[in-house]
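Descriptive structure summary
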Amino acid sequence: MNPAVSGIDISSLTASQFATVYNLFSLVIASMVFTALYLLLSRGRVAPRYRNALVVSATVCGIAAYHYFRIFDNLKASYPPGDTVGAAHALSNVEFNEAYRYVDWLLTVPLLLVETIAVMALGRAASRSLLWKLVPASALMILLGYPGEIAASTGARAVWGGLSTIPFLYLLYVLFIELSRSLGRQPEEVRTSIKRLRISLLALWGVYPIAYLFPIIGGDFFGGANGFVLRQAGYSLADIFAKAAYGLVIYKIARVKSGIEDSQYDDDHDDHASVAPTSRKQRDRIPSAA
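A brief structural summary. (Residues numbered from 1 in each chain as written. Predicted model: local features only at pLDDT ≥ 70, side-chain atom pairs only at ≥ 80, totals over all residues. Heavy atoms only, no water.)

**Looking at the overall build of the protein**
Using the following cut-off: Strands here mean DSSP runs of E at least two residues long; helices mean DSSP runs of H or I at least four residues long; both are numbered from the N terminus. Between buried and exposed lies partly exposed: a residue is buried under 20% and exposed over 50% of the maximum accessible area for its type, with that area taken using a 1.4 Å probe on protein chains only. Should any heavy atoms of two residues lie within 4.5 Å, those residues are considered in contact.
Scanning the protein from terminus to terminus reveals twelve helices and two strands. Reading the helices (α) and strands (β) of the protein from amino to carboxyl end gives α-β-α-α-β-α-α-α-α-α-α-α-α-α. Relative to its 290 residues, the protein shows a buried fraction of 46%. Contacts spanning at least 24 positions in sequence make up 74% of the contacts within the protein whose residues lie at least 6 apart.

**With respect to the nonpolar core**
Put simply, the rule reads: What is meant by a nonpolar core is a set of buried Ala, Val, Leu, Ile, Met, Phe, Trp, Tyr and Cys residues, joined one to another through side-chain atoms within 4.5 Å.
Core analysis: the largest hydrophobic core is formed by 70 residues, its most contacted members being Phe-25, Val-119, Leu-134 and Trp-205. Of all the secondary-structure elements, those providing two or more residues to this core are helix H2 (15-41), helix H3 (48-78), helix H4 (99-120), helix H5 (124-149), helix H6 (154-182), helix H7 (188-212) and helix H10 (224-261). Those residues in contact with Trp-205 that sit more than four places away from it in its chain are Val-109, Leu-113, Phe-168, Leu-171, Leu-172, Leu-175, Ser-200 and Ala-242.

**Focus on the packing of H4 against H7**
Put simply, the rule reads: Note on geometry: axes are lines fitted to C-alpha atoms, helical ones only across the stretch in contact, with angles between N-to-C directions running from 0 to 180 degrees. Our angle categories are set so that under 35 degrees counts as roughly parallel, over 145 as roughly antiparallel, 65 to 115 as roughly perpendicular, and the remainder as oblique.
Viewed as axis vectors pointing N to C, H4 and H7 meet at an angle of 170°, and their least axial separation amounts to 13 Å. Taken together, H4 and H7 sit at an angle that is classed as roughly antiparallel. Here H4 contributes Tyr-102, Trp-105, Val-109, Leu-113, Thr-116 and Met-120 to the contact with H7, which in turn contributes Ile-194, Leu-197, Trp-205, Tyr-208 and Tyr-212.

**Observations concerning the packing of H3 against H4**
This is how it is decided: Should the near helix be turned counterclockwise from the far one by less than a right angle, the crossing is left-handed, whereas a clockwise turn marks it as right-handed.
The geometry of H3 relative to H4 is characterised by a closest axis approach of 9 Å and an angle of 165° between their N-to-C directions. Taken together, H3 and H4 sit at an angle that is classed as roughly antiparallel. The crossing of H3 and H4 is left-handed.

**Thoughts on the environment of Tyr-22**
Locating Tyr-22 in the fold gives a position in helix H2. Counting along the chain gives 51 residues from Tyr-22 to Asp-73, while the straight-line C-alpha distance between them is 9.7 Å.

**Here's the deal with the environment of Ser-193**
By the element assignment, Ser-193 lies in helix H7. Separated by 56 residues in sequence, Ser-193 and Val-249 have C-alpha atoms that sit 7.7 Å apart. Residues in contact with Ser-193, not counting those within four places in the same chain, are Lys-252 and Ile-253.

**A few points about a nonpolar patch on the surface**
Let me state the cut-off plainly: Patch rule: a residue counts if its relative accessible area is over 30% and it has no salt bridge; like charges are joined within 9 Å, and nonpolar side chains (Val, Leu, Ile, Met, Phe, Trp, Tyr) within 5 Å. All accessible areas in this document rest on Shrake-Rupley with a 1.4 Å probe, and a residue is counted as covered only by the protein chains that are shown. Here a salt bridge means any side-chain nitrogen of Lys or Arg lying within 4 Å of a carboxyl oxygen belonging to Asp or Glu.
Where nonpolar side chains cluster on the molecular surface, the patch consists of Val-159, Trp-160, Leu-163 and Ile-166 and spans about 360 Å² of accessible area. Among the secondary structure elements, Trp-160 is positioned in helix H6.

**Side note on H4**
Where we set the bar: Multiplying one less than the number of residues by 1.5 Å gives the expected span of a helix. By definition, a residue's bend is the angle between the axes fitted to the seven residues ending there and the seven starting there.
For H4, spanning 22 residues, the distance from its first C-alpha to its last is 32 Å, which sits close to the expected 32 Å at 1.5 Å a residue. Where H4 bends most, at Leu-106, the angle is about 25°, and the proline Pro-110 comes one to four residues later. Ala-121, located one to two residues past H4, shows a positive phi value of around 55°.

**Focus: the packing of aromatic side chains**
Put simply, the test is: Aromatic rings from Phe, Tyr and Trp, with only the six-membered ring used for Trp, were paired whenever their centres fell within 6.5 Å, and each pair was classed as stacked if the ring planes differed by under 30 degrees, edge-to-face if by over 60, and tilted otherwise. To sit over a ring, a charge needs its Lys NZ or Arg CZ within 6 Å of the ring centre and within 35 degrees of the ring normal.
According to the stated counting rule, one finds 13 aromatic pairs in the structure shown. Geometrically, the ring pair formed by Tyr-22 and Phe-72 is tilted, given 4.7 Å between the ring centres and 45° between the ring planes. One end of the pair, Tyr-22, is in helix H2; the other, Phe-72, is in helix H3, with 50 residues separating them in the sequence. Judged by its relative accessible area of 29%, Tyr-22 is partly exposed. Over the ring of Tyr-212 we find Arg-157, and its NZ or CZ is 4.5 Å from the ring centre.

So, in structure tokens, the structure goes:
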């Protein structure tokens, strides 16, 4: 097997290449851990019907953090330091295991879909129908992509990548259509956020197949050790935005919808709870002090 062709088991990384990947993994771990903590601690700030979305979002970040700890340790074992600070990190007898990343996606992508549907607060039948469409498609997408990720040739990578793209496009289509249909049933205050949610799904999820293609593109920049670093950077940054940042957007939507439905969760109520009535209507009836 030619590592430069397959994109796996790169024979060595320069000190700067190793440091780049090392620091990226550290950034992902910090992002996931503290986002999960924030979401769990913020559960009480949203109405009960939206709390499950926050718990699922925190779970997504927790699962991702665990797997990045494993990937982080695996990187250090696969590419131990050389004799000097600037020496290359040669590949040891421990392979760099991309399975950690795919197991993470196999668990977290369906949960991302669950949290999205949960915060939309659709009817039970509609939610169940969507999950039956989306969860199997997400699992199929990931299972078909993994053989290509570890393939020894660009041809096999392209074939498996093409097969994985079919459920991927189906996922994006269903999500975009359903999120668009739900806009009319959502409060006006969150419609802009949901519109951005649609765009972010298309943009963020599109990073994964682009990074997947780097070994096929090849060359000095996209192939070999440089391609390995670029691919890990693409996957890692996409994970931060698609899990941690996405979870914060879910929290924002849940927070706004909670305030609309119950003044107890309204930001205005939080600011004036000690000096004003809890109801907006009651506040409106209070005559001006002037």
